[in-house]
Amino acid sequence: MTVTAGAETGPGPSRRQRRATRLSRWDIRFSPYAYIAPFFLLFAAFGLFPILYTLYASLFRWRLLDTGHQYVGLRNYRLLFVDDRFWNAMYNTVGMFVVATIPQLLVAMWIANLLNRRLRARTALRMGVLLPNITSVAAVGIVFGLLFADRYGLINWLLSSAHLPIVEWRLHHWSGWAAISTMVDWRWTGYNALIYLAAMQAIPRDLFESAALDGASRWRQFWQITVPMIRPTILFTVIISTIGGMQLFTEPFLFAYGQSRGGAGNEFQTISMYIYQTTFERNFDVGLGSAMSWLLFLVILILAMVNFLLVRRSVKGEAR
Amino acid sequence: MTARTATVPTARPVDRPAPRIPRRGAAARLWQASPLTYLALVLAIVLSAFPVIWAFIIASRSNDAIYEYPPRPGGQLLDNMSRALANDDASLTLGLANSVIVSGVVTISVVFFSTLAGFAFAKLRFRGRNALLLATIVTMMVPTQLGLIPLYLLMVRLGWTGSLQAVIVPFLVSGFGVFMMRQYAASAVPDELIEAARVDGCSTWRTYWNVVLPTLRPAASVLGLLTFMQTWNEFLWPFIVLNPDTPTVQVSLKILAAGYYNTDYVQVFAGTALSIIPLLVIFLLFGRQIIGGIMEGSVKA
């Protein structure tokens, strides 16, 4: 409140001064709201409203180019529950998320642990691991599409050089998942490593020093000091990865050379790809696409909450 | 509260201070990097850099070298790139120009509104401040991609499909940006400075423009870099709402990849390399700041 002091000084204000005082009061009173308003207004219009409208649209029979639409209650959701392609896409999305995220976060922790030593050329090393994150997803999809090409891809060349059978990467669930998870991990491991590194630097060093004097190995120090101490950050990265992984689109889309079906038998079609295909390519079915979007939203919400509760419980258990 | 935040005049750097003189042998050895550490890190970096380098190698070859293994760089990089740029279907030149416009406008806007709101949240007192700040943090967690269908309907109604404002206007603000600037302003802008400006008769706006904004510049430029790169890399929404006549660079790339992968794949890779170059330049120039921004942002979040 001291900030208003300047406006109230001066005995016997003239009319002009009084006007200035009033203006300055308004300024102090309303400026904060004016400064945060653009953010909230634009977010409400282009972020919040569309999400809520998704729920509304999911209750209608609604084609993209038709003018009218018809209320059908939960019909779209009922259709989805018996739609094999929807469950297949859900299976692919969750599967790829698990296959990609667990090794990614473990490797990121390990790299962060290495980067946390006393190193020469620190910035160069950090830039090196972050490099994949600054390249665009579309470029990643194209480059890895060729790395994992069937006939003249580098991976198959390596396999055949080692006298192993080559893999038709787009033909099976497991191989499509492996290739796409590799792309995701390539792009995000270094980023997560830097986030873990930041958290590790905040751990008091005496903890490690006394543990070392007590004869604890580096391995034990890592699991018994580092990991528990950076648990909030692990939660943060898991939730961010969940939000990103559940909405995976571009990598599998470009891995399929720009086709939303994700392999001839939808071997790696994700929910986002199926939403896109349903809404913008095949049936132009806004209602069904919206219902899927909303279900995915709920899945993300539930996963985030489960993560949160799990981590919080284990932190509490530790404290006891 | 006032006194406490005021004692921290500048944001703390992410890196820890220079290591003290080791007191004990064992403790000092603890942080020593062995050759194995370097080996593992170099291996990680080779894996990180390899696909990027590989894209440039392929982009420099001719199409009939496709079965040539291991891939060796050829001498046709510029030739392939100019072929990609001249490709009428993909409009890559236009796509690059559009992406510069879109990313530039979005970056300026995000930095402006984020510093403004961040300043308000950190340094001005108003009713509902904490609740609104919490709401800002919650917006960061909202998967807005799931609202794309209604957003598309909205763009149809506004008549914006196929034009650049469709990929600019929805991204003019960012909850992450507001939060990042709020955190930085709270520690980097001393309250005394703002009070002094008030006593000198500065309006809130003048205080923001002349006092706060210059102080926020380091963090604001990091936010700008991150925003520019993120906007440049945006794929799904531009792909849905734009058409092949007004692409951004990522949409051009997709058209190029879908149409020419089987016939002229070196051209596809030349286009891919072209799309990465601006980001590589930014990264090489400002890598240190970008890394600082990512690490600092995460600690505070």
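Residues numbered from 1 in each chain as written. Chains lettered and ligands numbered in written order. Predicted model: local features only at pLDDT ≥ 70, side-chain atom pairs only at ≥ 80, totals over all residues.

> What exactly am I supposed to notice about the environment of Phe-255 of chain A here?
Residue and element names in this part refer to chain A. Residue placement: Phe-255 occurs in helix α12 (residues 250–255). Phe-255 sits in the buried class, given 24 other C-beta atoms within 10 Å. Setting aside anything within four residues of it in sequence, one finds Phe-255 in contact with Gly-141, Phe-144, Gly-145, Ala-179 and Ile-180. (Helix = DSSP H or I, 4+ residues; strand = E, 2+ residues; numbered from the N terminus. Buried ≥ 20, exposed ≤ 12 C-beta atoms within 10 Å, placed from the backbone. Contact = placed C-beta atoms within 7 Å.)

> Can you help me understand the interface of chain A and chain B in this one?
One frequent convention defines the size of an interface as the accessible area lost when the parts assemble. At the junction of the two partners, chain A supplies 80 residues and chain B supplies 83 residues. Among the elements that line the side of chain A that touches chain B, the one with the most residues is helix α2 (residues 15–57) of chain A, at 18 residues. Looking at the side of chain A that touches chain B, its residues break down into 56 nonpolar, 19 polar and five charged. (Nonpolar A, V, L, I, M, F, W, Y, C, P; charged D, E, K, R; others polar.)

> Is there a simple way to explain the environment of Pro-143 of chain B in this structure?
Mapped onto the elements, Pro-143 of chain B comes out in the loop between α6 (129–140) and α7 (148–158). C-beta crowding within 10 Å serves as the criterion here: with 18 such atoms nearby, Pro-143 of chain B is assigned to the partly exposed category.

> Just checking my understanding: could you explain the nonpolar core for this structure?
Side chains that are nonpolar tend, in soluble globular proteins, to be buried together. Leu-194, Tyr-196 and Met-292 of chain A are the most contacted members of the largest nonpolar core, which totals 159 residues. Looking at which element gives the most residues to this core, the answer is helix α8 (residues 173–201) of chain A, with 16 residues. Beyond its immediate chain neighbours, meaning those up to four positions away, Leu-194 of chain A contacts Arg-126 and Leu-130 of chain A together with Ile-291, Ile-294 and Met-295 of chain B. (Core = buried A, V, L, I, M, F, W, Y, C linked by C-beta atoms within 7 Å.)

> Quick question: what am I supposed to make of the confidence of the model for chain A here?
Residues shown with low pLDDT carry predicted positions that ought not to be read at fine detail. All names here are of chain A. Mean pLDDT over chain A stands at 87; residues scoring 70 or higher make up 93%. By mean pLDDT, helix α1 (residues 5–8) is the weakest element of chain A at 44, and helix α4 (residues 84–115) is the strongest at 95. This model gives residues 1–10 a pLDDT under 50, and the stretch forms 13 contacts once residues within four places in sequence are excluded. (pLDDT = per-residue confidence, 0-100.)

> Looking at this model, I keep getting lost on unusual backbone geometry. Mind explaining?
Peptide bonds are trans in most cases, and residues, glycine excluded, mostly fall at negative phi. Of note in the backbone geometry, His-163 of chain A takes a positive phi value of approximately 60° without being a glycine. In this structure, His-163 of chain A sits in the loop between α7 (154–161) and α8. Taking the number of C-beta atoms within 10 Å as the measure of exposure, His-163 of chain A has 6 and is therefore exposed. Phi at Ser-91 of chain B takes a positive value of approximately 45°, unusual for a residue other than glycine. Position of Ser-91 of chain B among the secondary structure elements: in the loop between α4 (77–86) and α5 (92–123).

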